[in-house]
Amino acid sequence: MSIKELQETIGKIAVPGKGILAADESVSTATKRLEAEGVKSTEESRRKYREMLFTTPHINDFLRGVILYEETLYQKTIKGEAFPDFLSKNGIVPGIKVDGGLIDLEGTESEKITKGIDGLGERLDVYKKAGARFAKWRAVYSISETTPSCLAIRSNAVLLARYASICQAHGIVPIVEPEVLLDGSHSMEECASVTEKVLHAVFREIYRHNVLPELIILKPSMVVPGKLSGEKYDSKSVARETLKVLLRSVPAAVPTINFLSGGQTPEQATESLNEMNSIKSRKPWNLSFSYARALQEPALGAWKGKDANVAAAQKAFYKRAELNSAASLGKYSRKMEGD
Ligand code: 13P
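Every value quoted in this text rests on a predicted model; they were computed, and no experiment measured them.

*Asks:* Even after reading the chapter, I still don't get the overall build of the protein, so can you show me in this structure?
*Replies:* The secondary structure content of the protein amounts to twelve helices and ten strands. The C-alpha atoms of the protein give a radius of gyration of 19 Å, which matches the 20 Å a tight globule of 339 residues would have. Its C-alpha atoms put the protein at 50 × 45 × 35 Å along the principal axes. The buried share of the protein, reckoned over its 339 residues, is 57%. When contacts within the protein are restricted to residue pairs at least 6 apart in sequence, those whose partners lie at least 24 apart make up 78%. Element-wise, carbon and sulfur atoms account for 52% of the exposed surface of the protein, whose accessible area totals about 14,400 Å².

Here it is as structure tokens:
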């Protein structure tokens with residue numbers, strides 16, 4: 001393991017006021033999102049969409065990392081420059097989603113486990129040659145009367161830690177992403193309790209696997225009420241409950257926590273991040289964003305696959321990145337949303 005190399009990557013990403021764009025949707029997820037906006041999903045339309053995002057003027061004022069999907073890692077700008085080279089040149093560290101998606105975890109009630117651990121070290125070496133310096137692995141947990149089971153919590157924690165240890169051994173910074181899903185009618189209190197259990201299990205395995213917590217990025221979900229719970233979303237409570245859970249379960253050695261948005265609206269995701277950074281409480285980590293939908297939705301809606309809309313889409317993307325950057329410093333207000 002080259003600790004220096006890992007420290008260098010973390011140092012570039014964990015900068016106050018800067019965040020990460022998750023643009024690592026698999027082909028099937030990207031297809032769903034593009035088609036919802038009436039855009040046919042092809043290798044070229046996906047390339048064009050990502051190029052629109054990455055080439056947004058001055059976006060590096062707010063972003064220090066972009067997570068790519070394998071297809072995108074090997075794609076190029078229209079001028080023929082590989083995306084990872086283009087991003088690095090602009091001070092943005094390229095990363096790569098390395099998990100292989102979700103499959104059923106047998107022995108549970110349709111809970112999920114993440115695949116892709118076999119051959120991960122070899123794949124990391126190849127991705128590193130292409131420019132990737134950090135990676136991402138997502139595990140999901142659903143809340144119902146009977147889930148998440150101990151088996152799902154334990155098995156996913158082991159895989160997240162195993163993945164993180166392989167990444168560190170190959171000089172790649174791991175983003176560890178345990179996502180407690182928003183779907184369902186659970187209360188905010190239940191979400192808090194599950195998130196705490198999940199994070200405890202993850203860090204227990206991180207420790208057992210000799211992963212250095214100071215050289216990972218944690219990407220958790222926020223503590224929010226289930227989508228069908230009927231509970232009102234209140235960003236102050238989200239921030240308070242999320243911080244409480246994090247303080248109980250995440251070592252102070254972790255340098256940065258970059259949240260996922262998880263189906264919150266772009267405004268909710270920004271507001272809750274801002275509340276967390278505004279609360280006067282002990283916060284040993286940098287608290288920032290690694291959003292996909294909450295950063296991209298307005299831009300994708302403006303783009304609609306048309307070259308004529310690129311400037312408007314980039315403006316929308318720039319604006320969300322700017323607002324989230326402000327939120328990561330506790331300097332956002334609803335007024336800044338403008339029209
Ligand atoms: P969302 O911000 O849309 O939840 O996506 C983050 C992510 O990277 C999912 O793996």
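Read on, since the account is not over.
*Asks:* When you look at the environment of Q7 in this model, what are you seeing that I'm missing?
*Replies:* Examined against the element boundaries, Q7 turns out to sit in helix α1 (residues 3-13). By relative accessible area, which is 45% here, Q7 ends up partly exposed. Put simply, Q7 and D125 are 118 residues apart on the chain and 18 Å apart in space, counted from C-alpha to C-alpha.

*Asks:* Just checking my understanding: could you explain the side chain of T77 for this structure?
*Replies:* If you trace the backbone, T77 turns up in the loop between α4 (70-73) and α5 (83-89). Assessed through its relative accessible area of 7%, T77 is described here as buried.

*Asks:* Just checking my understanding: could you explain the sheet that holds strand β3 (residues 93-97) for this structure?
*Replies:* Strand pairing within a sheet occurs via backbone hydrogen bonds; the two strands may be parallel or antiparallel. Taken in spatial order, the eight strands close into a barrel running β1-β2-β3-β6-β7-β8-β9-β10, and their pairing is parallel. On the sheet, helix α7 (residues 150-169) packs against β6 (134-141) and β7 (173-180) and is oriented at approximately 180° with respect to β6. Across the sheet, helix α8 (residues 188-208) is in contact with β6, β7 and β8 (217-218); its angle to β7 comes to roughly 150°.

*Asks:* So what exactly am I meant to see when it comes to the nonpolar core here?
*Replies:* The tendency in soluble globular proteins is for nonpolar side chains to be buried as a group. Residues F54 and Y163 are the most contacted members of the largest nonpolar core, which totals 102 residues. If one sorts the elements of this core by residue count, α8 sits on top with ten residues. Aside from chain neighbours lying at most four places away, what touches Y163 is V98, I117, L120, A135, K136, W137, P174, I175 and V176.

*Asks:* Before we go on, may I ask you to explain the pairing of β7 in this structure?
*Replies:* Strand residues, when the strand is regular, have side chains that alternate between the two faces of the sheet. Burial runs high along β7: eight of the eight residues are buried. Neither face of β7 is open: one carries V173, I175, E177 and E179, the other P174, V176, P178 and V180, and all of them are buried. By the bridge criterion, eight bridges tie β6 to β7 in an arrangement that is parallel. When the bridges of β7 are listed, F134 appears paired with V173. Regarding the hand of the β-α-β motif, the stretch spanning β6, α7 and β7 is right-handed.

Definitions and limits used
- Residues numbered from 1 in each chain as written.
- Predicted model: local features only at pLDDT ≥ 70, side-chain atom pairs only at ≥ 80, totals over all residues.
- Heavy atoms only, no water.
- Helix = DSSP H or I, 4+ residues; strand = E, 2+ residues; numbered from the N terminus.
- Rg over C-alpha atoms; globule rule 2.2 N^0.38 Å.
- Buried < 20%, exposed > 50% of the residue type's maximum accessible area, 1.4 Å probe, protein only.
- Contact = heavy atoms within 4.5 Å.
- Areas by Shrake-Rupley, 256 points an atom, 1.4 Å probe, with all protein chains shown as cover.
- Pairing = 2+ DSSP bridges.
- Axes fitted to C-alpha atoms, helices over the stretch in contact; angles between N-to-C directions.
- Core = buried A, V, L, I, M, F, W, Y, C linked by side-chain atoms within 4.5 Å.
- Right-handed = clockwise from strand over helix to strand, strands pointing away.

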